[in-house]
Amino acid sequence: MGLDIRINLPKQGAVETYDVVIVGGGPAGLTAAIYSARGRRSTVMLERNMAGGQIALTELVENFPGFPEGISGFDLSDRMKRQAAQFGAELREITTVAAFQPEEDGCFSISTDQERIRGKAIILAPGVEAKRSGIPGEAEFVGRGVSWCATCDGALYKGRTVAVVGGGDSAVEEGMFLTRFADKVYVVHRRDELRAEKIIQERAFANDKMQFVWDSVPRRIVGGQMVEALEVQNVKTQGLTSLPVNGVFFYIGQIPNTAFLQGVVRLDPAGYILTDDLMRTSVCGVFACGDARSNPLKQIAMAVGEGSLAAVQAGRYLDELECPVPSALDRRQTWGGPDVCEPAEVVAAGDGRPAEERQPTEGGQASGGGAAAGGAPVT
Ligand code: NAP
């Protein structure tokens with residue numbers, strides 16, 4: 001089909017300069033690539049694994065508009081990938097970005113494990129990864145009964161018993177998926193009420209193979225060659241119970257893949273990238289979108305919206321660079337970014353509590369952004 005999807009194939013010779021370099025190839029990064037390439041900007045997307053991000057590992061996506069029967073996460077990401085490539089974006093997979101830094105001419109130098117390239121504008125969409133519990137046995141039994149991916153490993157548990165840990169959408173949905181193979185799926189949750197979306201809860205409660213272990217936290221994974229049991233502790237009674245399981249799947253939340261951005265762009269206390277409403281980070285010329293951005297909702301639809309906005313704003317930023325209007329010469333004066341958002345403005349737009357005390361799902365950005373702070377357009 002002539003699509004430019006490359007795995008690890010850096011061009012030889014001089015350092016290439018792209019209009020837009022996108023770091024991360026989940027739905028946000030892929031959407032940014034579609035919009036940027038359609039805007040006729042030379043665009044490269046760098047992804048450390050295969051493009052698609054976490055959705056590529058999701059069995060069925062039911063809440064992305066346009067697919068009333070649902071669509072497999074793999075199919076959805078594959079479609080996005082082909083769409084980006086067909087408009088001319090270069091997609092480089094298995095390429096890890098180690099660092100990036102501004103250069104004197106206003107471009108950014110991006111160092112990957114393969115090469116160095118340059119970008120006039122950067123869109124950060126590095127996504128998130130599964131949080132580790134740190135309990136004894138978790139690291140020891142990786143590949144021998146401990147997993148973070150039911151889609152990848154579920155089929156290994158045909159006729160067996162597994163536990164999923166967590167009470168959010170991921171734990172409950174993936175637990176339901178595991179009932180296709182396992183005879184019994186324990187859902188170990190630290191409270192007596194799930195966090196997952198109500199429709200997902202209703203299905204889970206109606207599934208005979210799902211058994212809920214409320215008010216309980218995992219303490220230890222035990223076994224020999226393979227996992228044999230998960231010890232859990234009831235947080236109300238302190239009682240310990242050993243659940244006989246062959247596998248343990250952890251879905252206790254996510255952490256942003258932003259370690260390489262520490263000290264480069266402004267992050268919130270949990271490590272999520274702060275931007276203003278126009279997806280501008282604290283660094284002029286650098287935009288961010290998707291799950292690694294400090295935002296109130298981690299959904300594919302959200303990532304797609306943010307990716308499109310980031311790409312359009314990056315295009316406008318580049319237009320301005322190319323336009324020798326006096327007011328545009330000092331870009332730093334017109335750059336908004338999260339620094340324009342003072343805590344007082346966030347409080348005024350919210351409920352009176354400091355941004356960092358509000359839960360991400362309570363509406364408004366936990367920090368940065370917000371209507372009151374919405375950055376002025378780049379003019
Ligand atoms: P999440 O919503 O943050 O849920 C994490 C769960 O793990 C929570 O129930 C939490 O308990 C529990 N937990 C956290 N730390 C723990 C610990 N140390 N020990 C035991 N339990 C712990 O994470 P997620 O389910 O991975 O979802 C992440 C985001 O993706 C969410 O915004 C979610 O809506 C979204 N998502 C959406 C879909 C979908 O739309 N179909 C599917 C998957 C994910 P508490 O509830 O007590 O905090």
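Okay, so let's go over this structure.

## Let's talk about the state of the cysteines
Right, on to step 1. Applying the stated rule across the entire model yields 1 disulfide.
Right, on to step 2. Here C149 is linked by a disulfide to C152, with a sulfur-sulfur distance of 2.0 Å. Its S-S torsion of approximately 75° makes the covalent link between C149 and C152 right-handed.

## Structural notes on the nonpolar core
Right, on to step 1. Counting 36 residues, the largest nonpolar core has L76, I123 and I300 as its most contacted members.
Right, on to step 2. Of all the secondary structure elements, the ones that give two or more residues to this core are strand 2 (17–23), helix 1 (27–38), helix 2 (73–86), strand 7 (116–124) and helix 6 (300–322).
Right, on to step 3. The element best represented in this core is helix 6, accounting for 8 residues.
Right, on to step 4. I123 has contacts with V20, V21, I22, V23, A32, F287, C289, A310, A311 and A314, leaving out every residue within four places of it along the chain.
Right, on to step 5. Of all hydrophobic cores here, the second largest spans 21 residues; its members include V97, I122, F260 and I273.

## Concerning the site of the ligand
Right, on to step 1. Every one of the 17 residues lining the ligand counts as a neighbour, but N63, D169, S170, R191 and R195 are closest to it.
Right, on to step 2. Taking N63, its side chain carries an N or O atom lying 2.7 Å from an oxygen atom of the ligand.
Right, on to step 3. R195 is positioned with one of its side-chain polar atoms (N or O) 2.6 Å from an oxygen atom of the ligand.
Right, on to step 4. In isolation the ligand offers 920 Å² of accessible surface; the protein chains occlude 77% of this area.
Right, on to step 5. A per-element tally of the shell around the ligand places helix 4 (residues 169–178) first, with 3 residues.
Right, on to step 6. Partitioning the shell around the ligand into residue classes produces 2 nonpolar, 9 polar and 6 charged.

Parameters at a glance
- Residues numbered from 1 in each chain as written.
- Predicted model: local features only at pLDDT ≥ 70, side-chain atom pairs only at ≥ 80, totals over all residues.
- Heavy atoms only, no water.
- Disulfide = S-S within 2.5 Å.
- Core = buried A, V, L, I, M, F, W, Y, C linked by side-chain atoms within 4.5 Å.
- Buried < 20%, exposed > 50% of the residue type's maximum accessible area, 1.4 Å probe, protein only.
- Helix = DSSP H or I, 4+ residues; strand = E, 2+ residues; numbered from the N terminus.
- Contact = heavy atoms within 4.5 Å.
- Near = heavy atom within 4 Å.
- Polar contact = N/O pair within 3.5 Å; in protein donor to acceptor, adjacent residues only side chain to side chain.
- Areas by Shrake-Rupley, 256 points an atom, 1.4 Å probe, with all protein chains shown as cover.
- Nonpolar A, V, L, I, M, F, W, Y, C, P; charged D, E, K, R; others polar.

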